[in-house]
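Commentary on secondary and tertiary structure
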Amino acid sequence: MDTETTCKNKDITILAIESSCDETAAAVVRNGREVLSNIISSQIDLHTLYGGVVPEIASRKHTERINQVIAEALQTADMTLRDMDAIAVTYGPGLVGALLVGVSAAKAISFASGIPLIGVHHIEGHISANYIENKELEPPYVCLVVSGGHSHLVQVRDYGEYEIMGRTRDDAAGEAFDKVARAIGLGYPGGPKIDKVSKEGDPDAIKFPRAKVADAVYDFSFSGLKSAVLNYLNSCEMKGIAVCQADVAASFQKAVVDVLVEHSMNALQECGMKKFAIAGGVASNSALRSALEEECARRNITFYHPSPILCTDNAAMIGAAAYYEYCKGVRHGYDLNAVPNLKLGDKKT
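Residues numbered from 1 in each chain as written. Predicted model: local features only at pLDDT ≥ 70, side-chain atom pairs only at ≥ 80, totals over all residues. Heavy atoms only, no water.

1. Looking at unusual backbone geometry
- The step from Pro-139 to Pro-140 runs through a cis peptide bond, and the omega angle for that step is 5°.
- Inspection of the secondary structure assignment puts Pro-140 in the loop between helix H5 (122-133) and strand S6 (141-146).
- Pro-189 follows Tyr-188 through a cis peptide bond whose omega is 0°.
- The phi dihedral of Asn-31 is positive, around 55°, even though this residue is not glycine.
- In this structure Asn-31 comes out as partly exposed when scored by relative accessible area, which is 24%.
- Even without being a glycine, Asp-78 presents a positive backbone phi close to 55°.
- Position of Asp-78 relative to the elements: it lies in the loop between helix H3 (55-76) and strand S4 (86-92). (Helix = DSSP H or I, 4+ residues; strand = E, 2+ residues; numbered from the N terminus. Buried < 20%, exposed > 50% of the residue type's maximum accessible area, 1.4 Å probe, protein only.)

2. Considering the state of the cysteines
- Inspection of the entire model under this criterion finds one disulfide.
- A disulfide bridge connects Cys-7 with Cys-327, and the sulfur atoms are separated by 2.1 Å. Taking the sign of the torsion about the S-S bond as the criterion, the disulfide between Cys-7 and Cys-327, at about -105°, is left-handed. Placement of the pair is Cys-7 in helix H1 (residues 3-9) and Cys-327 in helix H12 (residues 316-327), with a sequence separation of 320 residues.
- The exposure class of Cys-327 is buried, given its relative accessible area of 12%.
- The structure places no disulfide on Cys-244, whose sulfur is separated from the nearest cysteine sulfur, that of Cys-236, by 11 Å.
- Residue Cys-244 is classed as partly exposed on the basis of its relative accessible area, which comes to 38%.
- Unpaired in this structure, Cys-311 has its nearest cysteine sulfur neighbour in Cys-143, at a distance of 10.0 Å.
- The class for Cys-311 is buried, based on a relative accessible area of 0%. (Disulfide = S-S within 2.5 Å.)

3. Quick notes on the layout of surface pockets
- In this model, the largest pocket occupies a volume close to 1,000 Å³.
- Around the largest pocket, the lining is made up of 37 residues, and of these Ser-147, Gly-148, Gly-149, Asp-178 and Tyr-188 lie nearest the centre.
- When residues of the lining of the largest pocket are traced back to their parent elements, those giving at least two are H5, helix H6 (173-183) and helix H7 (190-198).
- Of the pockets and cavities examined, the second largest pocket occupies roughly 250 Å³. (1 Å grid on protein atoms, 1.4 Å probe; cavity = no way out; pocket = protein on both sides within 12 Å on 5 of 7 lines; lining within 4 Å. Points joined across faces, edges and corners; volume = space filled by probe spheres on them.)

4. Quick word on the side chain of Ser-41
- Tracing the backbone through its elements, the reader meets Ser-41 in strand S3 (residues 34-42).
- Among the polar contacts made by the side chain of Ser-41, one reaches the side chain of Arg-65 at a distance of 3.1 Å.
- In contact with Ser-41, other than residues within four places in its own chain, are Asp-22, Glu-23, Thr-24, Arg-65 and Val-69. (Polar contact = N/O pair within 3.5 Å; in protein donor to acceptor, adjacent residues only side chain to side chain. Contact = heavy atoms within 4.5 Å.)

5. A word on the pairing of S4
- Of all seven residues making up S4, seven are buried, and the element is well covered by its neighbours.
- Sheet topology places strand S1 (residues 13-18) next to S4; four bridges connect them, and they run parallel. Pairing of Ala-16 across the sheet is with Ala-88, part of S4.
- As paired elements, S4 and strand S5 (residues 117-121) share five bridges and run parallel to each other. In the sheet register, Thr-90 faces S5, and the bridge partner there is Val-120.
- As for the winding sense of the linkage, the β-α-β connection from S4 through helix H4 (residues 96-113) to S5 is right-handed. (Pairing = 2+ DSSP bridges. Right-handed = clockwise from strand over helix to strand, strands pointing away.)

6. With respect to the side chain of Ser-20
- Residue position: Ser-20 is located in the loop between S1 and strand S2 (23-30).
- Filtering out sequence-adjacent residues up to four positions away, Ser-20 remains in contact with Thr-90, Pro-93, Gly-94, Leu-95, Ala-98, Leu-99, His-122 and Asp-313.

7. Quick notes on the packing of H3 against H4
- Their axes nearest at 9 Å, the elements H3 and H4 cross at an angle of 30°. On the basis of their axis angle, the class for H3 and H4 is roughly parallel. As for the relative orientation of H3 and H4, their crossing is right-handed in sense. Here H3 contributes Ser-59, His-62, Thr-63, Ile-66 and Ile-70 to the contact with H4, which in turn contributes Gly-97, Ala-98, Val-101, Gly-102, Ala-105 and Ile-109.
- For the contact of H3 with H4, the class distribution of residues is six nonpolar, five polar and no charged. (Axes fitted to C-alpha atoms, helices over the stretch in contact; angles between N-to-C directions. Parallel < 35°, antiparallel > 145°, perpendicular 65-115°, else oblique. Left-handed = near helix turned anticlockwise from the far one by under 90°. Nonpolar A, V, L, I, M, F, W, Y, C, P; charged D, E, K, R; others polar.)

The quantities given are spatial measurements derived from coordinates; they are silent on function.
What follows is the structure, encoded as structure tokens:
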């Protein structure tokens, strides 16, 4: 019996592991859409002391927590390894030391138990988070992936089949949020703090640029916007002008949101699709969600989005993505390694 037939005839349960950045996570997922457990051990309080993620500290904390998080995921699901059909793990992109902790744990469990191993692309995981809460969602559709390390506009042709329509040329959206938040004294993590403060500011108070990439209409560039904010702050300081933190935050956020929404809607129009999804940490930004919801409603496009807990790095999304890989017969050997700069089109099969 081939794996595709197996997936149709029996429940497939996967233990998934995610450790690409500063969350140590494990989950048990059934049939790609039913989450039996989703355990996340965040390091955010620790990294806040340094104003951002420190890779060496992240790796050390993953090592300390990984076994406990996996055990908790199995216990919460009331299952053991004997109940698992596959072990899934993020193997890229991300911080190499952090990735290695998860990959090593997954390979060790797979080797000791004989359970098949499946490596999952982190961005594919974010996209697949939409399947967990939107049971009716199926490809094809367009997905905007926006997080601290990634800004991608992706045409999801089928499960595991993607065409990248646009990507960032420099800073990812979340990275720009973090840098601007630091500049205006909000600290880390920047995204949630700017989102909160912006509600008290005027988004039209300051005219920040909306960058376009001439030779790639769907690509993003937020480095110039970040520089424009820094230049504005420096100019105010030199002239002795008081800076309204909320206005700067709101105006910056609107500049980011405008670009993300415009590119997304143009991509949908070109593809002729009526289904649109968002994913990644920045996908929980209230201004972005509101703007996309409004535009999608105006254009009669169905809008899908995960809840905030599934927008952050988590293992449930890795288990969702791994299910469709499993059903296609994808299996990885013990030579699976961390690939920190892994591109979405370069998945190992």
